[in-house]
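Residues per chain are reported as follows:
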Amino acid sequence: MNFFKINKVEILMVLATITIIIADYFVFTTTTYPSLWHAVIAIPSILIPAWWFGYFGSSKYVHSLENDIERQLKMTPETLKQLREHGVTDDTKLKLEFFFYSDNEDSAKQLTTALRGLDYEADLYVPKKDGDKFIITGWTTKMNMDDKTVLHWTVDMVKISYDYGADFDGWGTNPKQD
């Protein structure tokens, strides 16, 4: 994980904290009703940035199994659509190339072993510099390219990524295979 990578929640918390510290200084030095001020100004100073960044009523910024499955399931039909334009039908059997990323070497090795246990070709690439992620990539056995099969496989890959603390980045294939 990149040490300097900051997400929106962290930015929100820093901004809210700075706002409250500055406001508290002025309120406690200039007014006799600090609790009223907190209700009117300090609480909205937290809620407004949260609303602005979309944290209420939206889970699009939450990294979770359900969100990752949803994201992958949105991309899979688009990929299948493109494959259909290249002559791939529901009955076509193709190998799929997959991509995972992991911050942890042991988890990456275990995921690679698990994928090989599914009779997939799987290789682990060690990062060349500190802070880079371990890459696990490879090819499945041949499978039918119907929507149901590929969507089910996609969900399985997201789930296995969570089992090993990795991120499933997606899949691709070559429609012209032997």
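In what follows, the structure referred to is the one given above.
Structure report, in brief. From a predicted model like this one, the values you see are computed outputs, not experimental measurements. (Residues numbered from 1 in each chain as written. Predicted model: local features only at pLDDT ≥ 70, side-chain atom pairs only at ≥ 80, totals over all residues. Heavy atoms only, no water.)

**Examining the sheet that holds strand S2 (residues 97–102)**
For clarity, the threshold we go by: When DSSP finds at least two bridges between two strands, those strands are taken to pair. Helix numbers and strand numbers start at the N terminus; a helix is a DSSP run of H or I with at least 4 residues, a strand a run of E with at least 2. Where helices are involved, their axes are fitted lines through C-alpha atoms of the stretch in contact, as for all axes, and angles between N-to-C directions lie from 0 to 180°. The criterion used for residue contact is that any of the two residues' heavy atoms lie within 4.5 Å.
Reading across the sheet, the four strands line up as S3-S4-S2-S6 and stay open at both edges, with antiparallel pairing between neighbours. The strands lining the two open edges of the sheet, one partner per strand, are strand S3 (121–125) and strand S6 (166–172). Neighbouring strand axes in the sheet, compared pairwise and without regard to direction, differ in orientation by 20° on average. Two elements, S2 and S6, share six bridges in a ladder whose sense is antiparallel. When the sheet's bridge partners are listed, Phe 99 is paired in S6 with Gly 170. Packed on one face of the sheet, helix H4 (residues 105–117) meets S2, S3, strand S4 (134–139) and S6 and runs near 165° to S3. Packed onto the sheet, helix H5 (residues 147–163) meets S2 and S6 and runs at close to 155° relative to S6.

**Observations regarding the pairing of S4**
Note that S2 and S4 share six bridges and pair antiparallel. Across the sheet, the residue bridging to Phe 98 is Gly 138, located in S4. Across five bridges, the pairing between S3 and S4 is antiparallel. Of the residues in S4, the one forming a bridge with Ala 122 is Gly 138.

**Structural notes on the packing of helix H3 (residues 65–84) against H5**
Keep this limit in mind: Helix crossings get a hand from a simple test, with the near helix turned counterclockwise from the far one by less than a right angle marking a left-handed crossing and a clockwise turn marking a right-handed one.
Axis separation between H3 and H5 bottoms out at 9 Å; the angle between their running directions is 145°. In the crossing of H3 with H5, the sense of the turn from one axis to the other is right-handed. Only Asp 147, Val 150, Leu 151, Thr 154, Val 155, Val 158, Lys 159 and Tyr 162 of H5 make contact with H3, whose side of the interface consists of Leu 65, Asp 68, Ile 69, Gln 72, Leu 73, Thr 76, Pro 77, Leu 80 and Arg 84.

**Examining the nonpolar core**
Put simply, the test is: Note on terminology: a nonpolar core comprises buried Ala, Val, Leu, Ile, Met, Phe, Trp, Tyr and Cys residues joined through side-chain atoms within 4.5 Å. For every residue, the accessible area (1.4 Å probe, protein chains only) is compared with the maximum for its type, and the residue is labelled buried under 20%, exposed over 50%, or partly exposed between those bounds.
In this structure, Phe 100, Leu 115, Met 145, Trp 153 and Trp 171 are the most contacted members of the largest nonpolar core, which totals 27 residues. At the level of secondary structure, the elements contributing two or more residues to this core comprise H3, S2, H4, S4, H5 and S6. Of the residues forming this core, the biggest block, six residues, is contributed by H5. The contacts of Met 145, once residues within four sequence positions are left out, are Leu 80, Leu 83, Arg 84, Val 88, Thr 89, Asp 90, Thr 92, Leu 94, Leu 96, Val 150 and Trp 171.

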